[in-house]
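Chain by chain, the residues run as shown.
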Amino acid sequence: MATQLKNLSDFSHTTIPNGSAFKIAIAVAEWNAEITGSLYNGALQTLLNNGVLAENIVSIAVPGTFELTSAADILLQKHKDLDAVICLGCVIQGETRHFDFICDAVAHGITQVSVKYSKPVIFGVLTTNDQQQAIDRAGGKHGNKGDEAAITALKMAELVATI
Ligand SMILES: Nc1c(NC[C@H](O)[C@H](O)[C@H](O)CO)[nH]c(=O)[nH]c1=O
Ligand SMILES: CC(=O)[C@@H](O)COP(=O)(O)O
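Because the structure is a prediction, the values reported are computed rather than measured.

Draft legend 1. Examining the site of ligand 1 more closely. In the vicinity of ligand 1, the residues found are Trp31, Asn32, Gly64, Thr65, Phe66, Glu67, Cys90, Val91, Ile92, His98 and Ile102. Between ligand 1 and Thr65 there is a distance of 2.7 Å, counted from an oxygen atom to a side-chain nitrogen or oxygen. Measuring from an oxygen atom of ligand 1, one finds a backbone N or O atom of Ile92 at 3.1 Å. Summarising the interface, the protein chains cover 77% of the accessible area of ligand 1, which totals 440 Å² for the free molecule. Where the shell around ligand 1 is concerned, the elements lending two or more residues are β3 (84-92) and α3 (98-117).

This is the structure in structure tokens:
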């Protein structure tokens, strides 16, 4: 379903797991900081609102979305008790194919890290054609992908804990 047909922050219709037992990391890219800052705030507040303790949230910032893969690997290597890692970034199409390489690299990269550690690594990266599409998905008319990423992390953490 396209984002235009759903609100990224609308999860009232589903059961959101209580996160009081979980330890979750958030890695956020500094590129497009006004956007990624909104994604981070959305993810952080959603985790707190659903029971995750502040002391159980590990946050790190990296220069860009491309570095999110290594951030996730480092976090899971150093913190063996993490239940999930949320990766937040915003990649906006420029004049060249750099956009394609970054988006492909981080999508494949964090997937490989998730499999390597058997831990959920959540793709909270906006990959937009322009700034307005990013604004719309970082607390604008289409909600906040940071909220969506946090809910996904909670659901996956519970899945791993209960299967
Ligand atoms: N253009 C964007 C970038 N570019 C930087 C890369 O992510 C990376 O930091 C650099 O290639 C050095 O390894 N990053 C974003 O997050 N968003 C962009 O729009
Ligand atoms: C996604 C990018 O790296 C991009 O914003 C850089 O812009 P350009 O492709 O015009 O160099």
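Draft legend 2. Geometry of the UniProt feature "active site" (unreviewed entry) in the protein chain. UniProt records the feature "active site" (unreviewed entry) at His98, using the numbering of this structure. Note on placement: His98 falls in helix α3. On the accessibility criterion, His98 (51% relative accessible area) is exposed.

Draft legend 3. Spatial organisation of the nonpolar core. Among the nonpolar cores identified, the biggest contains 24 residues, and Ile24, Ile26, Leu47, Ile86, Leu88 and Leu126 are the most heavily contacted of them. Contributing elements (two or more residues each) for this core: β1 (24-29), α1 (33-49), β3, β4 (121-128) and α5 (145-162). Filtering out sequence-adjacent residues up to four positions away, Leu88 remains in contact with Ile26, Ala27, Val28, Ala29, Leu39, Tyr40, Ala43, Leu68, Gly124, Gly146 and Ala149. Within the second largest apolar cluster, 22 residues are counted, among which are Ala27, Ala71, Val85 and Val121.

Draft legend 4. Broad picture of the packing of α1 against α5. Between α1 and α5, the least distance of the axes is 7 Å, while the angle of their chain directions is 40 degrees. Put simply, α1 runs oblique to α5. Regarding α1 and α5, the two cross each other, and that crossing is right-handed. Between α1, through Leu39, Gly42, Ala43, Thr46 and Leu47, and α5, the contact on the second element is made entirely by Lys145, Gly146, Asp147, Ala150, Ile151 and Leu154. Of the residues that constitute the contact of α1 with α5, the class distribution is 6 nonpolar, 3 polar and 2 charged.

What counts and what doesn't
- Residues numbered from 1 in each chain as written.
- Chains lettered and ligands numbered in written order.
- Predicted model: local features only at pLDDT ≥ 70, side-chain atom pairs only at ≥ 80, totals over all residues.
- Heavy atoms only, no water.
- Near = heavy atom within 4 Å.
- Polar contact = N/O pair within 3.5 Å; in protein donor to acceptor, adjacent residues only side chain to side chain.
- Areas by Shrake-Rupley, 256 points an atom, 1.4 Å probe, with all protein chains shown as cover.
- Helix = DSSP H or I, 4+ residues; strand = E, 2+ residues; numbered from the N terminus.
- UniProt positions renumbered as here; feature names shortened; annotations may be inferred.
- Buried < 20%, exposed > 50% of the residue type's maximum accessible area, 1.4 Å probe, protein only.
- Core = buried A, V, L, I, M, F, W, Y, C linked by side-chain atoms within 4.5 Å.
- Contact = heavy atoms within 4.5 Å.
- Axes fitted to C-alpha atoms, helices over the stretch in contact; angles between N-to-C directions.
- Parallel < 35°, antiparallel > 145°, perpendicular 65-115°, else oblique.
- Left-handed = near helix turned anticlockwise from the far one by under 90°.
- Nonpolar A, V, L, I, M, F, W, Y, C, P; charged D, E, K, R; others polar.

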